Amino acid sequence: MTKPTALVTGASRGIGRGIALELSKAGYRVAINYASNEVAAQEVLTLITQSGGEGFIVKADIAKASERQSLVQEVLAQFGRLDLLVNNAGVAPTVRADLLDATEESFDRLVSINLKGPYLLTQQIAKQMLKQNKGLSGQRGLIVNITSISAYTASINRGDYCMVKAGLSMMTKLFADRLAEDAINVFEIRPGIIATDMTGAVKAKYDKLILEDGITPIKRWGTPDDVGLAVRAIAENRFPFSTGAILDVDGGFHIRKL
Ligand code: NAP
């Protein structure tokens, strides 16, 4: 039987790596996209092939139109169809600057990589999915957007990041509504504080918030596997009557308490 196929953007490190490995365990062939770290991407592929899975690595900056184009072409050339797109690639601001000082450059970078790239990539891939028959999951395709607790939590030292994640959250609703009749379900996963390179620079701050201040009811850092397992449940079509839904993978961070 033909295996289902997935494209995970930013799968060379962190959360994307966790998602790629989990999807491979679920029987998916995985396109491992990366921006520049080929060694890390190759390592993910090696882990997949060593455990009997299949995939390939594909370099593309999702912020660039020509590279998105060649990314989609490469995925279709290798797989013939795409059952699952995971919009995971994303960056934090290079400098955590106060809202009053944050630069236009930082804003443009975050919009390009974290919002415009996923939006235009999804547009392209949704058109491909519309041409496909229903796959093993019973869906013509599935789309998962990795947003963040920052989609609704104000951090005034990285306002640009919060704004683009809020935009990505709206993008989930828009594509979910547009594609529902065509058997393409769209989901948002909101990770909380996850141990990756992105949070490495602020580890001491978050250690205190989690372990001492109890900012999350479940008092531990999240892991890429935590997010990978949530994507896997979607990939295995465990939510066939849900679209536009949000999964909080955040140790309970979103709970308001009194
Ligand atoms: P990370 O460890 O810094 O990894 C980022 C990944 O994205 C890498 O694979 C990187 O590729 C890739 N990437 C960066 N820019 C790209 C571009 N322009 N085109 C294609 N790929 C690109 O980050 P992470 O913590 O795993 O974050 C992954 C996603 O989860 C992001 O969207 C982030 O906003 C979100 N998130 C993270 C946390 C957290 O606490 N870590 C919480 C909530 C949400 P290279 O290896 O080639 O550089």
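Note that residues are indexed from 1 along each chain, following the sequence as it is written. Where totals are concerned, whole chains, interfaces and linings use all residues; where local detail is concerned, this predicted model gives features only for residues with pLDDT of at least 70, and gives and counts side-chain atom pairs only at 80 or more. Note: side-chain values were computed over all heavy atoms of the structure, leaving out hydrogens and water.

## Looking at the packing of helix H1 (residues 14-25) against helix H2 (residues 38-50)
Applied cut-off: Comment: axis = line fitted to C-alpha atoms, over the contacting stretch for helices; angle = value between 0 and 180 degrees taken between N-to-C directions. Under the DSSP-based scheme used, a helix requires at least four consecutive residues in state H or I and a strand at least two consecutive residues in state E, with every element numbered from the N terminus. Angle categories: roughly parallel below 35 degrees, roughly antiparallel above 145, roughly perpendicular from 65 to 115, and oblique for all the rest. When the near helix sits turned anticlockwise from the far one by under a right angle, the crossing is termed left-handed; a clockwise turn instead gives a right-handed crossing. By the convention used here, residues are in contact when the closest approach between their heavy atoms is within 4.5 Å.
Viewed as axis vectors pointing N to C, H1 and H2 meet at an angle of 20 degrees, and their least axial separation amounts to 10 Å. By the angle between their axes, H1 is roughly parallel relative to H2. Pair H1 / H2 crosses with right-handed handedness. Residues Arg 17, Ala 20, Leu 21 and Ser 24 of H1 lie in contact with H2, whose contacting residues are Glu 43, Val 44, Leu 47 and Ile 48.

## Some remarks on the packing of aromatic side chains
Short version of the rule: Note on aromatic contacts: the rings of Phe and Tyr and the six-membered ring of Trp form a pair at centre separations within 6.5 Å, being stacked when their planes are under 30 degrees apart, edge-to-face when over 60 apart, and tilted otherwise. Per-residue accessibility, obtained with a 1.4 Å probe over protein chains only, is compared with the maximum for each type, and a residue is labelled buried under 20%, exposed over 50%, and partly exposed between these values.
A full pass over the atoms with the stated rule returns 4 aromatic pairs. Ring centres of Tyr 119 and Phe 175 lie 6.1 Å apart, and the angle between their planes is 55 degrees; on these two criteria the pair is classed as tilted. With Tyr 119 in helix H4 (residues 104-131) and Phe 175 in helix H5 (residues 159-179), this residue pair connects regions lying 56 residues apart in the sequence. Judged by its relative accessible area of 10%, Phe 175 is buried. A centroid spacing of 6.0 Å and a plane angle of 75 degrees characterise the contact between Tyr 206 and Trp 221, whose relative ring orientation is edge-to-face. Of the two residues, Tyr 206 sits in helix H7 (residues 203-212) while Trp 221 sits in the loop between H7 and helix H8 (224-235), which places them 15 residues apart along the sequence. As far as burial versus exposure is concerned, Tyr 206 and Trp 221 are alike and both buried.

## Some details on the sheet that holds strand S6 (residues 184-191)
Test applied: When DSSP locates at least two bridges between a pair of strands, those strands are taken to pair.
Taken together, 7 strands build an open sheet; the order of strands is S3-S2-S1-S4-S5-S6-S7 and the sheet is parallel. Each having just a single partner strand, strand S3 (55-59) and strand S7 (245-249) make up the two edges of the open sheet. Going from strand to strand, the sheet's axes swing by 20 degrees on average, the running direction of each strand aside. Of the pairings in the sheet, the one linking strand S4 (residues 84-87) to strand S5 (residues 141-146) comprises 4 bridges and is parallel in character. Paired with Asn 87 across the bridge in S5 is Asn 145.

## A short note on the site of the ligand
Put simply, the rule reads: By convention in these notes, a residue is near a molecule or strand provided one of its non-hydrogen atoms lies within 4 Å of it. Polar contacts here mean pairs of N or O atoms no more than 3.5 Å apart (in protein, one a potential hydrogen donor and the other a potential acceptor; neighbouring residues in sequence count only if both atoms are side-chain atoms). In this classification, the charged set is Asp, Glu, Lys and Arg, the nonpolar set is Ala, Val, Leu, Ile, Met, Phe, Trp, Tyr, Cys and Pro, and all remaining amino acids, among them Gly, are polar.
Every one of the 32 residues lining the ligand counts as a neighbour, but Ser 12, Ser 36, Asn 88, Tyr 161 and Thr 196 are closest to it. Residue Tyr 161 places a side-chain N or O atom 2.5 Å away from an oxygen atom belonging to the ligand. Contacts to the ligand include Thr 196, whose side-chain N or O atom sits 2.6 Å from an oxygen atom. Of all elements in the fold, only H1, strand S2 (29-34), H5 and helix H6 (197-200) reach the threshold of two or more residues within the shell around the ligand. Examining the composition of the shell around the ligand, we find that 3 residues originate from one element, H6, more than from any other. When the residues that make up the shell around the ligand are grouped by side-chain class, the tally is 15 nonpolar, 13 polar and 4 charged.

## Brief notes about the environment of Ala 230
By secondary structure assignment, the location of Ala 230 is in helix H8. Its relative accessible area of 9% is what places Ala 230 among the buried residues. In this structure the C-alpha to C-alpha distance between Ala 230 and Leu 142, which are 88 residues apart in sequence, comes to 13 Å. If near-sequence neighbours (up to four positions away) are discounted, Ala 230 is found in contact with Ile 189, Leu 247 and Val 249.

## Side note on the side chain of Glu 188
The residue Glu 188 is located in strand S6 in this model. Apart from the residues within four sequence positions on either side, Glu 188 is in contact with Asn 145, Thr 147, Ala 151, Ser 169, Thr 172, Ala 245, Ile 246 and Leu 247.

## Considerations on the pairing of S3
Our working definition: A clockwise path from the first strand over the helix to the second, with the strands pointing away from the viewer, defines a right-handed crossover.
Across 5 bridges, the pairing between S2 and S3 is parallel. Bridging from a neighbouring strand, Ile 32 pairs with Ile 57 of S3. The β-α-β motif built from S2, the intervening H2 and the parallel element S3 has right-handed crossover chirality.

## A look at the nonpolar core
To keep things clear, this is the line we draw: Each nonpolar core is a collection of buried residues, namely Ala, Val, Leu, Ile, Met, Phe, Trp, Tyr and Cys, held together in the definition by side-chain atoms within 4.5 Å.
With 31 residues, the main nonpolar core has Leu 23, Leu 84, Ile 189 and Val 231 as its most contacted residues. If one sorts the elements of this core by residue count, H8 sits on top with 5 residues. In contact with Val 231, other than residues within four places in its own chain, are Ile 19, Leu 23, Leu 84, Val 86, Val 144, Ile 146 and Ile 189. Leu 82, Ala 126, Ala 176 and Leu 179 belong to the second-largest nonpolar core, a separate cluster that totals 25 residues.

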